[in-house]
Amino acid sequence: MTLQALLDKAHRLFVKNEAPQQSTSLSGMAWRRFRSNGLSVASLVVIGIFVVMALLGYLITPDSTPYCNQQYLELATLKPFTKVDFTYIDEGLPQPRQGLLRKMLFGQPLPYTAVPTYRTTAIGDSLAIESYTGSTPNDGEIRRVAKTQIVRQATRTFILGTDGYGRDVLSMIMIGSRVSLSVGFIAVLIALIIGIALGALAAYYGGWVDNLITWLINVVWSIPTVLLVIAITFALGKGFWQVFIAVGLTMWVDIARVVRGQVYSIKEKEYVEAARALGLGTFRTIFRHILPNITGAIIVVTASNFASAILLEAGLSFLGIGVQPPMPSWGTMVKENYCYILLDNAYLALLPGLAIMLIVLAFMLLGNGVRDALDIKK
């Protein structure tokens, strides 16, 4: 082997074994600190799972009918992992064609009649179907259907069982995540717009502007959040979008206080004075030079507010003044099934409660992880 070949081989080995250089930027160091926090990464994964579940919606739910409201009263309060045979019969129901996006957002009605079946017996060109009752002996109604009307026969597993109306609990929890995450996202967005604007203006201008905005913050802060949300909900009415606005209009106070304190601490910095000396406008100075330097604090309080918004929505739905049936909501599910806590089916109320606890805990841990990652003192 020639000397040149040896040198080339040594060079390849050196390049292969050379450790990659780590980023020295602030964002790179913050990301490395965040990844080293196992709980924060796990919380991010949990939030990601709920987000994917909410986005895909009816495309992945076992019950893809609108609001997951397909009811089988004979299948009420089935235990988890119960298997039931179904016979799908073509009875000439309308079969509207829906695109993939529309089905994902709104679901699709069943084009066939689904009959929970205990057993079937072939009689010539027809099929005798004994409907499922769940009792022993079954003693269900027997109906005779032509074989040409039978679309298919299949066994369906209710992974988390059914509620008192025979609806699939897993499907309702999956679609309920869409309500909770939507309320959190839109309510926090409203709170961010109001809180950042008022907090930044109060600290930047000071004087009577600061006194007026601080007075408004203290007035709103003195009113219990739940009572204020209920009052706004009564004023706007019950409904899906009303909950967003009601929660958003009560959560801006935390953000405004944090932004005001942060802007006060840096508005006399050299780069802010330089921006003023250059004649830059107030809004450009605030939004281009001040706010980017307090992003970390805003992210932390936003994660906390996201969790609070989910809890508020669940509480309003439990009280009956939030999202209205038949739209699935975790708070509504707890309200409808809390009576089963003293019976053998306590899981009907505990499962949506567990989902609320899991997503709220995930956002709180995520906020703590972001705070630690952005802490330059560590």
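This text gives an overview of the structure that appears in the document. Small disclaimer: the values here were computed from a predicted structure and weren't measured. Throughout this description, residue numbers start from 1 for each chain and increase along the sequence as written. Totals for whole chains, interfaces and linings use every residue, but because this is a predicted model, local features are given only for residues with pLDDT of at least 70 and side-chain atom pairs only at 80 or more, for both listing and counting. As a rule here, side-chain values cover all heavy atoms of the structure and leave hydrogens and water aside.

Topic: the sheet that holds strand E4 (residues 142-146)
Read from one edge of the open sheet, five strands run E4-E3-E2-E1-E5, paired in antiparallel fashion. Each end of this open sheet is capped by a strand with a single partner; those strands are E4 and strand E5 (150-158). Averaged over all neighbouring strand pairs, the angle between strand axes comes to 45°, with direction disregarded. The pairing criterion for strands is at least two bridges between them, as found by DSSP. Put simply, DSSP H or I for four residues or longer makes a helix, DSSP E for two residues or longer makes a strand, and each gets a number counted from the N terminus. Examined bridge by bridge, strand E3 (residues 126-131) and E4 share five bridges and lie antiparallel to one another. Following the sheet pairing, Ala128 is matched in E4 by Arg144. Axis angles are defined between N-to-C directions and span 0 to 180 degrees, where every axis is a line fitted to C-alpha atoms and, for a helix, only to the segment in contact.

Observations regarding the pattern of salt bridges
We define a salt bridge as a side-chain nitrogen of Lys or Arg found within 4 Å of a carboxyl oxygen belonging to Asp or Glu. Summed over all chains, the structure comprises six salt bridges. A salt bridge links Arg143 to Glu91, with the shortest nitrogen-to-oxygen separation between them at 2.7 Å. Placement of Arg143 in strand E4 and of Glu91 in the loop between strand E1 (82-89) and helix H4 (100-106) is noted, with a sequence separation of 52 residues between them. For every residue, the accessible area obtained with a 1.4 Å probe (protein chains only) is divided by the maximum for its type, and the residue is called buried under 20%, exposed over 50%, and partly exposed between those limits. Looking at Glu91, the relative accessible area reads 38%, which means it is partly exposed. Residue Glu336 is joined to Arg167 by a salt bridge in which the shortest nitrogen-to-oxygen separation is 3.1 Å. With Glu336 in helix H13 (residues 330-337) and Arg167 in the loop between E5 and helix H5 (169-205), this pair connects stretches of sequence that are 169 residues apart. You can call Glu336 partly exposed: its relative accessible area is 28%. By relative accessible area, Arg167 is classed as buried at 6%. Ionic contacts of the salt-bridge type, sharing partners, join the residues Asp163, Arg167 and Glu336 into one network.

Some details on the packing of aromatic side chains
Stacked, tilted and edge-to-face pairs are distinguished by plane angle, under 30 degrees for stacked and over 60 for edge-to-face with tilted covering the rest, among Phe, Tyr and Trp rings (Trp via its six-membered ring) whose centres lie within 6.5 Å. For the structure shown, the criterion picks out ten aromatic pairs. Taking the centre distance of 5.8 Å and the plane angle of 20° together, the rings of Trp31 and Phe34 count as stacked. Within this pair, Trp31 and its partner Phe34 are both found in helix H2 (residues 26-35), separated by three residues, close to a single helical turn. Since its relative accessible area comes to 46%, Trp31 is described here as partly exposed. Put simply, the rings of Tyr72, Phe86, Tyr88 and Phe158 touch in pairs and so form one group of aromatic residues. Note that Arg152 overlies the ring of Tyr88, its terminal NZ or CZ placed 4.0 Å from the centroid. Counting as a charge over the ring demands two things of the Lys NZ or Arg CZ atom: a distance within 6 Å of the ring centre and an angle within 35 degrees of the ring normal.

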